[in-house]
Amino acid sequence: MSIDRYRRQTLVEELGQKGQELLAKKHAIVIGAGGLGSNSANLLVRMGIGNIDIIDDDIVDITNLHRTSVFSEHDIGKSKALIVQEKLQPVNTMVHVKGINQKVTSENIDSLVRHADVIIDGTDNIPLRLLINKVSIQYKTPWVYAGVYGTVGMVMGILPKKTPCFQCITQDTLDLSAHEIPVLGSLPATIAAIQSNETIKVLLGRQPSGLIIYDVWNQCFDTLDIKRNPNCPMCGKKNKMN
Amino acid sequence: MKRTNSMKITVRLFGRYKDIAGKEKIHLDITDGNTLRDVVDVFVRQYPMVAIDKSRMMITKNKMYASFETTITEEDEITLSPPVVSGG
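Residues numbered from 1 in each chain as written. Chains lettered and ligands numbered in written order. Predicted model: local features only at pLDDT ≥ 70, side-chain atom pairs only at ≥ 80, totals over all residues. Heavy atoms only, no water.

Let us now look at the overall build of chain B. Counting its regular elements, chain B contains two helices and five strands. For chain B, the sequential pattern of α-helices and β-strands runs β-α-β-α-β-β-β. In terms of overall dimensions, chain B is globule-like: its C-alpha atoms have a radius of gyration of 12 Å, near the 12 Å expected for 88 residues. Referenced to the eigenvectors of the C-alpha coordinate spread, the extents of chain B come out at roughly 45 × 25 × 20 Å. Looking at chain B residue by residue over its 88 residues, the buried ones come to 55%. Within chain B, contacts between residues separated by at least 24 positions form 53% of all contacts whose residues are at least 6 apart in sequence. Accessible surface, chain B as shown: approximately 4,200 Å² in total, 48% of it carbon and sulfur. (Helix = DSSP H or I, 4+ residues; strand = E, 2+ residues; numbered from the N terminus. Rg over C-alpha atoms; globule rule 2.2 N^0.38 Å. Buried < 20%, exposed > 50% of the residue type's maximum accessible area, 1.4 Å probe, protein only. Contact = heavy atoms within 4.5 Å. Areas by Shrake-Rupley, 256 points an atom, 1.4 Å probe, with all protein chains shown as cover.)

Pasting the structure below:
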C-alpha cells in the first residue's frame, strides 16, 4: 500500500493504519449516481474503500450539473454510472471502481448487493429505499440513507436489527419522486460528505446513532435520537424474515 | 374517545422548526384531545409557517416514531421534525 496517498488520513487517531487497511478490504455499493451518489462515490474512492460499485441506469442531464462534482457538459447523454467509473478510477488506482448501467429492481437487487459490506443510498425515491432496506435486513448488510429537499438534508446509518431501519422512520412518508424536487446546488455534496463519514464509521465498526438533519438555510444541525420500533413491519418482531 | 381536560405538552423541535419557533423546546396547551394529531394541530395554529408539512411531519414519542393517532400524556417526550426527505 502506498504510504503517501493515505498518510494524512492514517494520522487520524480514530482510523490509523489498521483502519485504512480494513477499508481497503471493504466493498461498497452505491445505488444511484446523481447528486448524492456521485459525490459520495467520489469521496469513498479517495478515502480508499477497496471496491466500489456504482449502479444507475440513468443518463447525465444538464439539470444534474448544478449539484454534482463529477459530471461535465461533455457527459450529457452518457450513462451516469459509466461516467462515474471513467472519472473516478484514475483518481485512485489502488481501489476498484465499477460502474453498472442498470436499473435496480426487486428482481436483481439480491445479486447486485449480496457481497456488499455497506450500501450507500444515492437514490431519489422512497420505494427504492424501502427495497434497499428490505435486502439490508435480509443480508444483515448495513446501509446509509441520505436524502435532500430544498435546503434540507438527512442522513442515517442503519445497522439491521441494531438501529432503527428506514421503515421505522417513514411509515407515513409520501413519495415525492414524481415531482421535480427543489435542491440547492451545494446541498448534495454537503450531505454526501456526511453520508461518507457515516459510511466510514460503519465500516470501521462504529454504531451509527440517530437521524442527522442539516438545514443549510436555517443553520440547524441536529441529530434526532430515535429507537427501533418493535412493531415495525420490516425490522420488528412481527416480520417473519426476522 | 377524546379527553376533554387540558394538557401541557413539552415538545422538542428539530431542523427549521427550531428556527421558526425561535427555541428548541416549546410548551403547547392541548385543550381538546389527547393524540399527536391534536399536538400537531396546535403547533400549526401557533406557527402557521409549518402548515406545509402538516400531514407529513415526523413525530416521535419517547424516542420512537409515532403516528398521528398515538395517544399521549403530559409525561411523554415528544419531538417534531420536518418530513424525511427523498431527493438525491
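We now examine the interface of chain B and chain A. The interface of chain B with chain A comprises 22 residues on the first partner and 40 residues on the second. Summing both partners gives a buried area of about 2,600 Å² for chain B against chain A, and 62% of it is carried by carbon and sulfur. Joining chain B to chain A, the criterion identifies two salt bridges. Put simply, lysine 63 of chain B and aspartate 225 of chain A hold a salt bridge, and the shortest N to O gap is 3.0 Å. Counting only elements with at least two residues in the side of chain B that touches chain A, the list comes to helix H1 (16–21), strand S3 (58–61), strand S4 (64–65) and strand S5 (78–81) of chain B. Element by element, the count of residues in the side of chain B that touches chain A is highest for H1 of chain B, at three residues. (Buried area = accessible area lost by both parts, 1.4 Å probe. Salt bridge = Lys/Arg side-chain N within 4 Å of Asp/Glu carboxyl O.)

Before going further, it helps to examine the sheet that holds strand S1 (residues 27–31) of chain A. Residue and element names in this part refer to chain A. Spatially, S3-S2-S1-S4-S5-S6-S7-S8 is the arrangement adopted by the eight strands of the open sheet, whose pairing is mixed. Looking at strand neighbours, the two that pair on one side only are strand S3 (96–100) and strand S8 (220–224), the edges of this open sheet. Strand-to-strand, the axes of this sheet are offset by a mean angle of 15°, without reference to chain direction. For strand S7 (residues 211–215) and S8, the ladder comprises five bridges, and the chain directions are antiparallel. Residue pairing across strands places aspartate 215 opposite cysteine 220, the latter belonging to S8. Strands S1, strand S2 (51–55), S3, strand S4 (118–121) and strand S5 (143–149) of the sheet are contacted by helix H3 (residues 35–47), whose axis makes an angle of about 170° with S2. Across the sheet, helix H6 (residues 126–139) is in contact with S1, S4, S5 and strand S6 (152–158); its angle to S5 comes to roughly 170°. (Pairing = 2+ DSSP bridges. Axes fitted to C-alpha atoms, helices over the stretch in contact; angles between N-to-C directions.)

The next subject is the side chain of aspartate 76 of chain B. All names here are of chain B. For aspartate 76, the position within the fold is in the loop between S4 and S5. Only 3.0 Å separates the side chain of aspartate 76 from the side chain of asparagine 62, close enough to count as a polar contact. A distance of 2.8 Å separates a polar atom in the side chain of aspartate 76 from the backbone nitrogen of threonine 73. Beyond its immediate chain neighbours, meaning those up to four positions away, aspartate 76 contacts Thr10, Lys61, Asn62 and Thr71. (Polar contact = N/O pair within 3.5 Å; in protein donor to acceptor, adjacent residues only side chain to side chain.)

This part takes up the confidence of the model for chain B. Should the pLDDT be low somewhere, the predicted coordinates at that spot are not to be read in detail. When pLDDT is averaged along chain B, the result is 92; 95% of the residues meet or exceed 70. With pTM at 0.93, the complex prediction returns an ipTM value of 0.87. (pLDDT = per-residue confidence, 0-100.)

Residue and element names in this part refer to chain B. A sheet is described by the order of its strands in space; here five strands give the open sequence S2-S1-S5-S3-S4, paired in mixed fashion. Unpaired on one side and paired on the other, strand S2 (25–30) and S4 mark the two borders of the sheet. In the packing of helix H2 (residues 36–46) onto the sheet, the strands contacted are strand S1 (7–13), S2, S3 and S5, and the crossing angle to S2 comes to about 110°.

Attention now moves to the environment of lysine 98 of chain A. All names here are of chain A. Relative to the helices and strands, lysine 98 is located in strand S3. Taking relative accessible area as the criterion, lysine 98 reaches 38% and is therefore assigned partly exposed. Expressed as a C-alpha distance, the spacing of lysine 98 and isoleucine 52, which sit 46 residues apart in the sequence, is 6.3 Å.

Residues and elements named next belong to chain A. Across the five residues of S7, four count as buried, placing the element largely inside the fold. Pairing analysis gives four bridges linking S6 to S7, with the strands arranged antiparallel. The residue bridging glycine 153 from the neighbouring strand is tyrosine 214, located in S7. Counting the residues that bridge the hairpin from S7 to S8 gives four residues, and of these glutamine 219 lies at a positive phi of roughly 50°.

With that settled, the discussion passes to the environment of serine 69 of chain A. Residue and element names in this part refer to chain A. Inspection of the secondary structure puts serine 69 in the loop between S2 and helix H4 (80–88). In this view, serine 69 contacts Asn39 and Asn42; residues no more than four positions away in its chain are not counted. One polar contact links serine 69 to asparagine 39, side chain to side chain, over a distance of 2.6 Å.

Moving on, we get to H6 of chain A. Three- or four-residue spacings in an α-helix give side chains the same orientation, since the helix completes a turn every 3.6 residues. All names here are of chain A. Compared with an ideal rise of 1.5 Å per residue, which puts 14 residues at 20 Å, H6 spans 20 Å between its outermost C-alpha atoms and is within 8% of the ideal. All buried positions along H6 are accounted for by Ile126, Leu128, Arg129, Leu131, Ile132, Asn133, Val135, Ser136 and Ile137. Where H6 begins, one side-chain oxygen reaches toward the backbone nitrogen of leucine 128, 2.8 Å away; that side chain belongs to asparagine 125. Lysine 140 sits one or two residues past H6 and shows a positive phi near 55°. (Expected span 1.5 Å × (residues − 1).)

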